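Remarks on the overall topology
Chain by chain, the residues run as shown.
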Amino acid sequence: YLATPFGPGDEIQGGDGVDGRVLSTNWYSTTLIDTHNNEIVAPNSTFTRSILVNKSRRTLQPFLQTIEVPSSLLPQARLMTFEIRQYLRDNPVVNTEFKPRAYVTSYTPDALTIDIRAELLVDSTSDAYQAQRQMILLSVARIVEAYK
C-alpha cells in the first residue's frame with residue numbers, strides 16, 4: 001500500500017485540488033477523470049507533497065439519509081425511530097461500533113424529518129455498497145409504512 005497508494009480504478013483526492021478516478025499511472029504522472037468527465041494529468045509529485053485520500057480503499061462507508069414522513073405519525077415517531085435504529089443494529093453490514101442513529105430532527109404541520117446515520121462495512125467501489133444502501137432504504141420504508 002505504501003509503494004502503491006492508488007491504482008487504476010481508484011477514486012482519490014489529493015493535494016492541489018486533484019480529485020477523481022485514476023485511469024493510469026506511470027513514473028512521472030497520473031491520469032484521472034474528474035466528476036465533470038475532464039481528464040486531469042497530475043505530476044506524481046502532487047501526491048508526495050500532500051495528504052492523499054484513497055476513497056476506494058475505505059473500509060467503512062457513511063450512510064446518511066434524511067426522510068420525511070407525514071406529521072400524522074408524530075404519536076408513533078419515538079417507536080418508529082427506535083425500530084429503525086434496531087433494524088440498523090441487527091444488520092450485519094452496519095458497523096455497530098459507530099452507533100447507528102435515527103432521530104426526528106424537525107417538525108412542520110405537514111411532515112416530520114428523520115435523519116438516519118450509520119457506517120456500512122462495504123467497499124464504496126463495489127456494487128455491494130449501492131445494493132446495501134437500497135436494502136436499508138427499502139427496509140426503512142417498510143418500517144414507516146407499517147405505522148401508517
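For every chain, the first residue of its written sequence is number 1, and the numbers climb from 1 along that sequence. Given that this is a predicted model, residues contribute local features only at a pLDDT of at least 70 and side-chain atom pairs are listed and counted only at 80 or more, while totals for whole chains, interfaces and linings are drawn from all residues. The basis for the side-chain values is all heavy atoms of the structure; hydrogens and waters are excluded.

1. A look at the packing of helix 2 (residues 77-90) against helix 3 (residues 127-146)
Note the threshold: A fitted line through C-alpha atoms represents every axis, and for helices the fit uses only the stretch in contact; the resulting angles, taken between N-to-C directions, go from 0 to 180 degrees. What counts as a helix is a DSSP run of H or I of at least four residues, what counts as a strand is a run of E of at least two, and both are numbered from the N terminus. If an angle is under 35 degrees, it is roughly parallel; if it is over 145, roughly antiparallel; if it lies from 65 to 115, roughly perpendicular; otherwise it is oblique. Note: crossing handedness is left-handed where the near helix turns anticlockwise from the far helix by less than a right angle, and right-handed where it turns clockwise. Contacts are assigned to residue pairs with any non-hydrogen atoms lying within 4.5 Å of each other.
The contact between helix 2 and helix 3 brings their axes to 10 Å, and the two run at 150 degrees. Overall, the two elements helix 2 and helix 3 adopt an arrangement that is roughly antiparallel. Here the hand of the crossing between helix 2 and helix 3 comes out right-handed. Packed against helix 2, whose contacting residues are Met 80, Glu 83, Ile 84, Tyr 87 and Leu 88, the element helix 3 presents Met 135, Ile 136, Ser 139, Val 140, Ile 143 and Val 144 at the interface.

2. Re the sheet that holds strand 8 (residues 111-120)
This is how it is decided: Being paired, for any two strands, means DSSP has found at least two bridges between them.
One open sheet accounts for 3 strands, arranged 6-8-7; its pairing is antiparallel. Because the sheet does not close on itself, it has two edges, and the strands there are strand 6 (61-70) and strand 7 (101-107). For this sheet, the mean angle separating the axes of adjacent strands, direction not counted, is 20 degrees. Note that strand 7 and strand 8 share 6 bridges and pair antiparallel. What sits directly across from Arg 101, in strand 8, is Arg 117. Strand contacts of helix 3: strand 6 and strand 8, with the helix running at about 25 degrees to strand 6, the strand carrying the most contacts.

3. Let's talk about the sheet that holds strand 5 (residues 53-54)
Read from one edge of the open sheet, 5 strands run 4-3-2-1-5, paired in antiparallel fashion. The open sheet has two edge strands, strand 4 (39-43) and strand 5, and neither has a second partner.

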